Amino acid sequence: MSVVLRPPGPPLAHAAVPLAVGVAVAETLAGLGVDARLKWPNDVGVLAATGWRKLAGVLAESSPSPAPAIVVGIGVNVAAPIDPALAEIATSMAAVGAGERLPAAVLASLLPVLEATLDVFFTAGVAAIAPRWQARMAALPRLRTTGPAGILEGAPLGLDHDGALRLRDDDGRVHRVIAGELAVAAG
C-alpha cells in the first residue's frame, strides 16, 4: 500500500519516517504471529536458522512544496510463493507459520498501529519510537554498507538520537550510518 502523509514541521525532521513505519509493520506482524525483526533502515524480516529473510519493506519519498508530503510505500509478502532464486533472502508470512491470511486482514491490523505510531513519532520524534525499534531490532552479528568513505562493516548497536544506525567496527570505533543499503556480512 502507499500512504500520503502531510506531517507538521520541517521536512528534514521527518527523514526517520521509515523507522517509525517499520516499527508499526513489525509490531503488527508480531501481533499476527510472526517474530518480525527490523534491519535498518527499512527492512522487516525474520531470523531463520539459515539467516535473515526479508518479509516486508518500507520506502518513503518526499514531495516538494507548495504542499509538502511524504509518500510511504509498504510492501508485505503475505502469502505469495517465494521464487526459488530468492528463497535465501526472502520469505512470506505463510512460510513462517503465520497461517493463511488475506492481505486485507493484514492491512486492517496494520492501519491502527501505523496511525498511533506516526502520531507518537510526529509529536515526540525518533526518541519516542527508538525503544520500540530497539526491541524489534534483528540480532544480526555483522552488517556491511558502502558509502562515500568506502566499505564499512561491523556490529550494529542500534539507533542514534536522530535515527542514524550506530555500527561498531573491528577496531572498536563507533560509526554513524545515515544513509545507504545494509547487507548482512559474513561473520
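Here, the structure is the one placed above.
Residue numbering note: each chain is counted from 1, following its sequence as written. Local features in this predicted model are restricted to residues of pLDDT 70 or higher, and side-chain atom pairs are both shown and tallied only at a pLDDT of 80 or more, whereas totals for entire chains, interfaces and linings draw on every residue. With hydrogens and water set aside, each side-chain value is computed from the structure's full complement of heavy atoms.

> Teacher, can you tell me more about a nonpolar patch on the surface here?
Only residues whose relative accessible area exceeds 30% and that take part in no salt bridge are eligible for patches, with like-charged residues grouped when within 9 Å of each other and nonpolar side chains (Val, Leu, Ile, Met, Phe, Trp, Tyr) grouped when within 5 Å. To measure how exposed things are, a 1.4 Å probe is used in the Shrake-Rupley method; for residues, cover is taken only from the protein chains shown. For this analysis, a salt bridge means a side-chain nitrogen from Lys or Arg found within 4 Å of a carboxyl oxygen belonging to Asp or Glu. A contiguous nonpolar surface patch, about 220 Å² in accessible area, is contributed by Met1, Leu107 and Leu111. Counting from the N terminus, the helices are the DSSP runs of H or I reaching at least four residues and the strands are the DSSP runs of E reaching at least two. Mapped onto the secondary structure, Met1 falls in the segment before β1 (2–5).

> Whenever I open this one, helix α3 (residues 126–136) confuses me. Can you help?
Note: α-helices contain 3.6 residues per turn, so residues at a spacing of three or four share the same orientation. Between buried and exposed lies partly exposed: a residue is buried under 20% and exposed over 50% of the maximum accessible area for its type, with that area taken using a 1.4 Å probe on protein chains only. For α3, the full list of buried residues reads Val126, Ile129, Ala130, Trp133 and Arg136. Buried positions in α3, seen along its axis, are confined to an arc of 130° and lie on one side of it. Among the exposed residues of α3, those pointing more than 90 degrees away from its buried face are Ala127, Pro131 and Ala135. Between two residues, a contact is recorded if the distance between any of their heavy atoms is within 4.5 Å. If you follow the buried residues of α3, they end up packed against α1 (17–31), β2 (37–39), α2 (103–124) and β7 (150–159). By construction, the arc corresponds to the directions joining the helix axis to the C-beta atoms.

> Explanation requested: the pairing of strand β8 (residues 165–168) in the structure shown.
Note on strand geometry: in a regular strand, side chains alternate between the two faces of the sheet. Taking every second residue as pointing to the same face, the buried face of β8 carries Leu165 and Leu167, while none of Arg166 and Arg168 on the other face is buried. We call two strands paired when DSSP finds no fewer than two bridges between them. With four bridges connecting them, β8 and strand β9 (residues 174–177) associate as antiparallel partners. Across the sheet, the residue bridging to Leu167 is His175, located in β9.

> Can you walk me through the pattern of salt bridges in this structure?
If charged atoms from side chains of opposite charge come close, those side chains can pair. All chains considered together, the criterion is met by 12 salt bridges. Between Glu27 and Arg132 there is a salt bridge, with the nearest N and O atoms lying 2.6 Å from each other. One end of the pair, Glu27, is in helix α1; the other, Arg132, is in helix α3, with 105 residues separating them in the sequence. Assessed through its relative accessible area of 25%, Glu27 is described here as partly exposed. For Asp160, the salt bridge is made with Arg176, and the minimal N-O distance between the two is 2.7 Å. Taken together, the positions of Asp160 in the loop between β7 and β8 and Arg176 in strand β9 put the pair 16 residues apart, joining distant regions of the chain.

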